[in-house]
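Survey of secondary and tertiary structure
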Amino acid sequence: MSAILTAPAEPVGTLVEARIHWRATVVYGIVGLLALLVSLLTSSGHETTFMVASRSDVAQIAPFALPSRVTGVILSLAALGLVGWVAWLTARRRKAPVWVPIAFGVLVLCVLLVWVMAGNRNALPLTVLLTGALTMSVPLVFGSLSGLLCERSGIINIAIEGQLLGGAFLAVVVASATGNPYVGMIMAPLAGALVGLVLVMFAVRYRIDQIIVGVVLNVLVIGVTNYLFSTVLTANPQNLNSPPRLPTLPIPVLSEIPVIGPVLFRHTIIVYLMYVAVAALQVMVFRSRWGLRMRSVGEHPKAADTVGIKVNRTRVRNTVFGGAVAGFGGAALVAAGLAFTKEMSSGKGYIALAAMILGRWHPKGALAAALLFGFADSLRSVLGNLGSPVPSEFLAMLPYLVTIFAVAGLVGRVRAPAAEGIPYVK
Amino acid sequence: MTADPLVAPTTNPPAAEAERPSMLQRILDASWLTIILAIAIALIVSSVLIAAADTDVQSAAGYVFTRPPDFFSAAWDAIYGAYSALFRGAIYDYQASGVRQIRPITETLTSSVPLIFAGLGLAVGFRAGLFNIGAQGQVLMGAAAGTYVGITFDLPVGVNLALACIAALIAGAFWAGIAGFLKARTGANEVIVTIMLNSISFYLVAYLLTTSLLRQGGSRPISPKVADSATFPLLLGTQFRLHLGFIVALLAAVFVWWLMERSTLGFQFRAVGANQSAARTAGMNVNLMFVLVMVTAGALAGLGGAAQVLGTDKTLQATTAGSIGFDAITVALLGRSRPLGTVLAAILFGALRAGSPLMQTSANTPIDIVLVIQATIVLLIAAPVLVRELSVPHRIAAMTGRYSIKGARA
């Protein structure tokens, strides 16, 4: 008996240590060095002018110019400093805090801006750029939240594209017909939910590969909306395809803060709802009973079933809800009073999917990734007006390249929900 | 369990069927019957849309309860007008004279060529368990490389074409290989990477069309015409656009059949698709297979791009790939990832592509209805149980009691 009570003093076997993963650090390092190189190659006489104030601001800030080369080098060195710190943490098997990649990204983006605008006679309208970034990322945020809701419960939602498009179509038609943009906005989720319902019915009832259903549903929605656009909407554009724009609702006081005010608090109701949605889902998915059930169904449906959670019912509900969220994103797409055009979602659903994966199936991560894509879009349109040394095609490629790098280098083998895409049969 | 690519893997294998199916059951469950029924149902669904958007039908619907025949005759006219125009545009034009009567069917075969190539490429990927959405980009890169050779070199007739095709093949293979390599080395999800590569290739080609490499010189982003020596020779004389690329596509289908069914490499592809862990345990290099599958798929898709430019279009634009890459996904799915099925599906979709312009001009039915037909067909094919639930023959058979809708191989 005493042999059991006295534990052996020396450890059994050699101590097993997890491998240190250097890939992320190396990728950060390469990006940082590239930024430094680009800055050093900027000719020293150039200046970059930034314009931060918008016309309606209370406090006017004059445009200011910075020497391009020095600013770029300082920012790159700061980014490289962060890389060094990350390397030090990695060597000690400690995780870098969440803000580090974000700070790094912001620094590199600033280097990019300084470099692109170096020697340009026009000032870079910073506020316009950031506002555009936020506006353009809204459909992507809703799209990736939709993907997140579906995938966390085990259904792969490739049909985000179709849900955005369907939502946009319904929002335009209803808003035009009633003359009230809010009615259109409220109806848009219905179209998305319908696509989500078809997706989940095929996935759960007929157990078809969910990626296939999603892709085909996208084609179907494109076909139906294109067809209705060419026939019904073209025949009667005044009544069916001229939606009023959603009014901008500046938040009192907050919207008067320079830069931050116009960028964050001078928007339509959809943007404010996006803030609420991201925050609410971040809490609900990880802290509520509903979220726990959703995640358990997506991770280990058999275990969930054993404790009495209805697996397929949970999946159907969450996918329909997810579809509705993406449909709302479709309303965001046309919030500026845009008329419907063929395939106006133009691949945003796929980008939203990428944003969700980049954000590692977390609402706040999805928000950050979607903002990155929105920023690239906004940068392209702003630089298209100002002129830039980089061809606009390359700027357009940038978010896609970043995604590939991120998926390959930084995110790597991220773990998707374990039961994703696998039908559950009792 | 059969490795049917359309049906997702289930955690539990289906229970073995207790009794031998009856003769009727076997006839009704034949997959060709499912496919024909799916096509029929898709046409019915689309005809509802066609009728609904027709102005005569809309006005007749206003008094449908007082004079129903008006409504039905208007609906019939709209549907018949659309589908007969589709038929005349895609298969046989009985209103034309002379050899022009058979021109539509050659047009169908011509438009099916890039779909066959790209569909075969995707089919290889699907059977290896890789969901490659990147045919669009691979087609475009192949088309760009083929165009570059076609407008730059002036070699003898056969050599120039062969060189252009090889360039397209390499470009497509390289473009797809990126996704395969990243999946093998870093585990990057091939769906995401191929989607991103599609967009990148679009902008890359758009950029190349503005530079000296592919630019014609004018303000429009369009390449010069490729040299005659680099085009696919026409098969049926100058009246028809059908070109040698069709024969090459058929040969490619035979090659893919041999590769997947008869070669060791194809066996490894299929093994990786059926069960990665088992394949790895059996000593196969799964990561290498990822790369090789994508390279094969990309090479075929790249050839499809070359066939489009060198056979049909003769010049390159950023929109050359059109929706070939995405149509090819549905082609491969409809063809159940088998070479023969893919060829037949490509010809069917080629017919829809070839026939739709006439439908638009003569019956005022927008081209976009074709997308609805395609998507509905593939959705139904993917869900044979649903087809059985919807189809009249199955219903009648079920009512006579010798057939059960639910029980048949779900």
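The residue numbers shown here count from 1 along each chain, following its written sequence. Following the order in which they are written, the chains are lettered starting with A and the ligands numbered starting with 1. With the structure being a predicted model, the display of local features is reserved for residues of pLDDT at least 70 and the display and counting of side-chain atom pairs for 80 or more, all residues being used for whole-chain, interface and lining totals.

Quick word on the overall build of chain A
Strands are runs of DSSP state E lasting at least two residues, helices are runs of H or I lasting at least four, and both sets are numbered from the N terminus onward. The secondary structure content of chain A amounts to 17 helices and five strands. Here the C-alpha atoms of chain A give a radius of gyration of 24 Å, agreeing with the 22 Å that 2.2 N^0.38 yields for 426 residues. Oriented by its inertia axes, the alpha-carbon framework of chain A measures out at about 85 × 60 × 40 Å. Out of the 426 residues in chain A, the part that is buried amounts to 50%. What counts as a contact here is a pair of residues whose C-beta atoms, placed from the backbone, lie within 7 Å. Long-range pairs, those at least 24 residues apart, make up 77% of the contacts in chain A with a sequence separation of at least 6. The atom set for the radius of gyration is the C-alpha atoms, and the globule formula is 2.2 Å times the number of residues raised to the power 0.38. Remark: C-beta atoms are placed from the backbone, and a residue is labelled buried if 20 or more other C-beta atoms sit within 10 Å of its own, exposed if 12 or fewer do, or partly exposed between those counts.

A short note on the overall build of chain B
Helix and strand content of chain B: 17 helices and zero strands. Expected size for 410 residues packed as a compact globule is a radius of gyration near 22 Å; at 23 Å, chain B falls within 12% of this value. Dimensions of chain B, computed from C-alpha atoms along their principal axes, come out at roughly 70 × 60 × 35 Å. Pairs at least 24 apart in sequence give 74% of the contacts found in chain B among residues at least 6 apart.

Here's the deal with the domain arrangement of chain B
Where the parts come together, the accessible area they lose is often given as the size of the interface. Residues and elements named next belong to chain B. All the domain ranges listed were derived from an automatic or database domain assignment. In terms of domains, chain B is made up of domain 1 (21-52 + 368-410) and domain 2 (91-350). For domain 1 versus domain 2, the distance between C-alpha centres works out to 31 Å. Opposite the five residues of domain 1 that make contact, domain 2 presents four residues.

Regarding the domain arrangement of chain A
Structurally, chain A comprises domain 1 (23-121) and domain 2 (126-387). Taking the mean C-alpha position of each, domain 1 of chain A and domain 2 of chain A sit 31 Å from one another.

Some thoughts on the interface of chain B and chain A
Taken residue by residue, the interface counts 43 residues in chain B and 44 residues in chain A. Within the residue set of the side of chain B that touches chain A, elements represented by two or more residues are α2 (31-53), α7 (157-186), α8 (190-208), α13 (324-334), α15 (369-382) and α16 (384-390) of chain B. Broken down by element, the side of chain B that touches chain A gets its largest block of residues, ten residues, from α8(B). Residues are grouped as follows: Ala, Val, Leu, Ile, Met, Phe, Trp, Tyr, Cys and Pro are nonpolar; Asp, Glu, Lys and Arg are charged; every other residue, Gly included, is polar. Here the residues of the side of chain B that touches chain A sort into 32 nonpolar, ten polar and one charged.

What to know about the pairing of strand β1 (residues 47-51) of chain A
Residue and element names in this part refer to chain A. Direction of pairing for β1 relative to strand β2 (residues 64-67): antiparallel, over a ladder of four bridges. In the sheet register, F50 faces β2, and the bridge partner there is F64. Here, strands pair whenever DSSP counts at least two bridges between them. Of the strand pairs in this sheet, β1 and strand β3 (residues 124-125) are connected by two bridges, and their pairing is parallel. Note on β3: the bridge partner recorded for F50 is L124.

Considering the sheet that holds β2(A)
By way of backbone hydrogen bonds, the strands of a sheet pair with one another, either parallel or antiparallel. All names here are of chain A. The three strands are arranged β2-β1-β3 in an open sheet whose pairing can be described as mixed. At either end of the open sheet lies a strand with only one pairing partner, and these are β2 and β3. Running at roughly 75 degrees to β2, helix α3 (residues 68-91) makes contact with β1 and β2 of the sheet. Only the stretch in contact is used when a helix axis is fitted, and all axes are lines through C-alpha atoms; the angle between N-to-C directions ranges over 0 to 180 degrees.

Structural notes on the nonpolar core
Here, a nonpolar core means buried Ala, Val, Leu, Ile, Met, Phe, Trp, Tyr and Cys residues linked by C-beta atoms lying within 7 Å of one another. A:A355, B:F117 and B:A144 are the most contacted members of the largest nonpolar core, which has 254 residues in total. The leading source of residues in this core is helix α12 (residues 286-313) of chain B, at 16 residues. Not counting the four nearest positions on each side in its chain, A:A355 is found in contact with A:L140, A:S144, A:A366, A:A369, A:A370 and A:F373. Grouped together as the second largest cluster of nonpolar side chains are 18 residues, A:A35, A:V114, A:M117 and A:L124 included.

A few points about the packing of α7(B) against α12(B)
Residues and elements named next belong to chain B. Direction vectors running N to C along α7 and α12 enclose 145 degrees, while the axes themselves pass 6 Å from each other. When you trace α7 past α12, the crossing you get is right-handed. Partitioning the contact of α7 with α12 into residue classes produces 23 nonpolar, seven polar and one charged. Crossing handedness is defined as follows: a turn of the near helix away from the far one that is anticlockwise and smaller than a right angle gives a left-handed crossing, while the clockwise case is right-handed.

Here's the deal with the packing of helix α11 (residues 269-287) of chain A against helix α16 (residues 363-386) of chain A
Residue and element names in this part refer to chain A. In the contact formed by α11 and α16, the axes pass within 8 Å of each other and the chain directions differ by 145 degrees. Seen from α11, the contacting residues are V278, L281, Q282 and V285; seen from α16, they are P363, K364 and L367. Residue classes in the contact of α11 with α16 are distributed as five nonpolar, one polar and one charged.

Some details on unusual backbone geometry
Residues and elements named next belong to chain A. In this structure, R93 takes a positive phi of about 60 degrees despite not being glycine. Within the element layout of this structure, R93 appears in the loop between α3 and α4 (99-116). Its 9 C-beta neighbours within 10 Å are what place R93 among the exposed residues. One non-glycine residue, R360, adopts positive backbone phi at about 50 degrees. In this structure, R360 sits in the loop between α15 (348-358) and α16.

Focus on the environment of A:E256
Here A:E256 is to be found in the loop between β4 (249-250) and α10 (260-265). Remark: the alpha-carbon pair of A:E256 and A:R266, spanning ten residues in sequence, is separated by 9.1 Å.

Concerning the confidence of the model for chain B
Residues and elements named next belong to chain B. On average, residues of chain B score 85 in pLDDT, and 90% of them reach the 70 mark or higher. In predicted models, pLDDT denotes the confidence assigned by the predictor to each residue on a 0 to 100 scale. Per-element confidence in chain B is highest for helix α9 (residues 245-262), whose mean pLDDT is 95, and lowest for helix α1 (residues 23-29), whose mean pLDDT is 64. The model gives residues 9-18 a pLDDT under 50, and that stretch makes ten contacts with residues more than four places away or in other chains. Reported confidences for the modelled complex are a pTM of 0.85 and an ipTM of 0.83.

Examining α15(A)
In terms of burial, α15(A) is largely enclosed, as eleven of its eleven residues are buried. Just downstream of α15(A), A:R360 is the residue with a positive phi angle, here 50 degrees.

Points about the environment of A:K364
Residue and element names in this part refer to chain A. With respect to the element layout, K364 can be found in helix α16. Judged by C-beta crowding, with 14 C-beta atoms within 10 Å, K364 ranks as partly exposed. Residues contacting K364, with those up to four places away along its chain left out, are V278 and Q282.

Details of the environment of B:K183
Residues and elements named next belong to chain B. Here K183 is to be found in helix α7. In this structure the C-alpha to C-alpha distance between K183 and K314, which are 131 residues apart in sequence, comes to 35 Å. When sequence neighbours within four positions are dropped, the list of residues in contact with K183 reads A188, E190 and F290.

Some remarks on helix α5 (residues 126-152) of chain A
All names here are of chain A. For a helix, the expected span equals 1.5 Å multiplied by the number of residues minus one. Here α5 contains 27 residues, and its C-alpha end-to-end distance of 36 Å stays within 8% of the 39 Å for a straight helix at 1.5 Å per residue. What we call the bend at a residue is the angle made by axes fitted to the seven residues finishing there and the seven residues starting there. The principal kink in α5, of about 35 degrees, is found at V138, preceding the proline P139 by one to four residues. Of all 27 residues that make up α5, 23 are buried, and the element is covered over most of its length. In the segment just after α5, G154 is the residue with positive phi, at about 100 degrees.

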